[in-house]
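# Residue-level structural notes
Chain by chain, the residues run as shown.
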Amino acid sequence: MAKLPRGTISVIFVAQRTDADAVGYARAAAMMETLAVQQKGYIAMDSVRGSDGLGITVSYWTDEASAKAWRDHPEHMAVRDAGRDLWYSDYSLHVAEVTRSYDWEKP
């Protein structure tokens, strides 16, 4: 990932998956990634999931308004509700502003 501009908004989603409906979850996750990329202010997304089902997704936005618009997008809201009902046992969400960013790459 490239260096992020100061002031970038990071939305950090930490979630514990259930064992329910893995196919539906994968379909919804792919749909959300495709939809997020199309949103005004979207910069990038990083996501990892452990074998225990714990996952962390960080999405990066140019500003708070763009992050809130994503939060309030009707399709995103519908998938979020499905996640609460079926795919997650719990989650935490944190919003932060980037004050410093740098990259390192092994030579």
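One can find the structure itself at the top, above this paragraph.
Our subject in this report is the structure included herewith. All values derive from a computational prediction rather than experimental measurement.

## Some remarks on the overall build of the protein
Within the protein, the regular secondary structure consists of three helices and four strands. Counted from the first residue to the last, the protein has its helices and strands arranged as β-α-β-β-α-α-β. For 107 residues, the compact-globule formula gives about 13 Å, and the C-alpha radius of gyration of the protein, at 14 Å, lands near that figure. Expressed as a percentage of the 107 residues in the protein, the buried residues total 34%. When the accessible area of the protein is evaluated, it comes to approximately 7,200 Å², of which 55% is carbon and sulfur surface. Counting 12 positive and 15 negative side-chain charges, the protein places the averaged centre of each group 5 Å from the other.

## Considering the nonpolar core
W61 and W70 are the most contacted members of the largest nonpolar core, which has 16 residues in total. For this core, the elements supplying multiple residues, two or more each, are β1 (9-17), α1 (22-37), α2 (64-71) and α3 (74-87). Of all the elements, α1 adds the most residues to this core, at five residues. In contact with W70, not counting residues within four places along its chain, are M32, L35, A36, Q39, W61 and H76. By size, the runner-up hydrophobic cluster in this structure holds five residues, among which are L4, V58, Y60 and V98.

## Section: the layout of surface pockets
Each pocket or cavity is described by its volume, and for the largest pocket that value is around 830 Å³. Taken together, 28 residues line the largest pocket, and the ones lying closest to its centre are F13, T57, W70, H76 and Y88. Looking at the lining of the largest pocket, the elements with two or more residues in it are β1, α1, β2 (42-49), β3 (54-61), α2, α3 and β4 (88-97). The greatest single-element share of the lining of the largest pocket, amounting to six residues, is contributed by α1. Across the lining of the largest pocket, the residue classes break down as 18 nonpolar, four polar and six charged.

## Considering the pattern of salt bridges
The tally for this structure, following the rule as stated, stands at two salt bridges. A salt bridge links R71 to D72, with the shortest nitrogen-to-oxygen separation between them at 2.8 Å. Assessed through its relative accessible area of 39%, D72 is described here as partly exposed. When the shortest N-O distance is used, the salt bridge between D81 and R84 registers 3.7 Å.

Thresholds applied
- Residues numbered from 1 in each chain as written.
- Predicted model: local features only at pLDDT ≥ 70, side-chain atom pairs only at ≥ 80, totals over all residues.
- Heavy atoms only, no water.
- Helix = DSSP H or I, 4+ residues; strand = E, 2+ residues; numbered from the N terminus.
- Rg over C-alpha atoms; globule rule 2.2 N^0.38 Å.
- Buried < 20%, exposed > 50% of the residue type's maximum accessible area, 1.4 Å probe, protein only.
- Areas by Shrake-Rupley, 256 points an atom, 1.4 Å probe, with all protein chains shown as cover.
- Lys, Arg positive; Asp, Glu negative; His and termini not counted.
- Charge placed at Lys NZ, Arg CZ, Asp CG, Glu CD.
- Core = buried A, V, L, I, M, F, W, Y, C linked by side-chain atoms within 4.5 Å.
- Contact = heavy atoms within 4.5 Å.
- 1 Å grid on protein atoms, 1.4 Å probe; cavity = no way out; pocket = protein on both sides within 12 Å on 5 of 7 lines; lining within 4 Å.
- Points joined across faces, edges and corners; volume = space filled by probe spheres on them.
- Nonpolar A, V, L, I, M, F, W, Y, C, P; charged D, E, K, R; others polar.
- Salt bridge = Lys/Arg side-chain N within 4 Å of Asp/Glu carboxyl O.

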